[in-house]
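Fold and geometry: a report
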Amino acid sequence: CCAILRNLRGSFPNLCGLVFRDHEGVVRGHWCHPGFQDLGLGAFLYEVGVRKSSPWRLPHRIPEVKDALTSAGAGPKAGHLQGFTFDQLGETLDPEEVSIIKDLLALQGSADELPDDCGKDDSHAERSSLALPSWSQLVAMHASAVVVEEVREDVD
């Protein structure tokens, strides 16, 4: 969910959560970023990897780093890295990665209160100023497309 939300926020910076719908448009669930401390270790490491000046090759690097952190005593949530001594990991993490980890763990908030870029991310330089359409607008657009398609079939 972190990856999907991050990619969508590249175009829609005011988006703060995801709504899961089935093929009929029925809402099946919601997800908002819980805050970096409450992410599972794998999701948190995704957040670290995409913020590197030369991003990680994803998802391949995540299990390697996760295994090293777990072997060194890290818990299942990113918040368990608070106060963690990264020196014991040897060359698993470089100084930039350790810095990103500490910066993200220092951020407070969740969902729309969470700054997701530490003020340092220019990977999404062009952002849409358009508002996201509401669900009813999306349904109406879909219905219009279906009607147009049915008319075309009748004409043929």
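Please refer to the structure placed before this passage.
A brief look at the structure comes next.

Basis of the calculations
- Residues numbered from 1 in each chain as written.
- Predicted model: local features only at pLDDT ≥ 70, side-chain atom pairs only at ≥ 80, totals over all residues.
- Heavy atoms only, no water.
- Salt bridge = Lys/Arg side-chain N within 4 Å of Asp/Glu carboxyl O.
- Helix = DSSP H or I, 4+ residues; strand = E, 2+ residues; numbered from the N terminus.
- Pairing = 2+ DSSP bridges.

**A word on the pattern of salt bridges**
Taken as a whole and assessed by the stated rule, the structure comprises seven salt bridges. Among the salt bridges present, the one from E97 reaches K52, with a minimum N-O distance of 3.3 Å. One end of the pair, E97, is in helix 4 (residues 95-106); the other, K52, is in the loop between helix 2 (41-50) and helix 3 (61-71), and 45 residues separate them in sequence. Several salt bridges converge on common partners, so that one network encompasses K52, R61, E64, D94, E96 and E97.

**What about the pairing of strand 2 (residues 27-32)?**
The pairing of strand 1 (residues 17-21) with strand 2 spans five bridges and is antiparallel. Bridge pairing in strand 2 links G17 to C32. In sequence, strand 1 turns back onto strand 2 through a hairpin of five residues, with G25 there showing a positive phi of about 90°.

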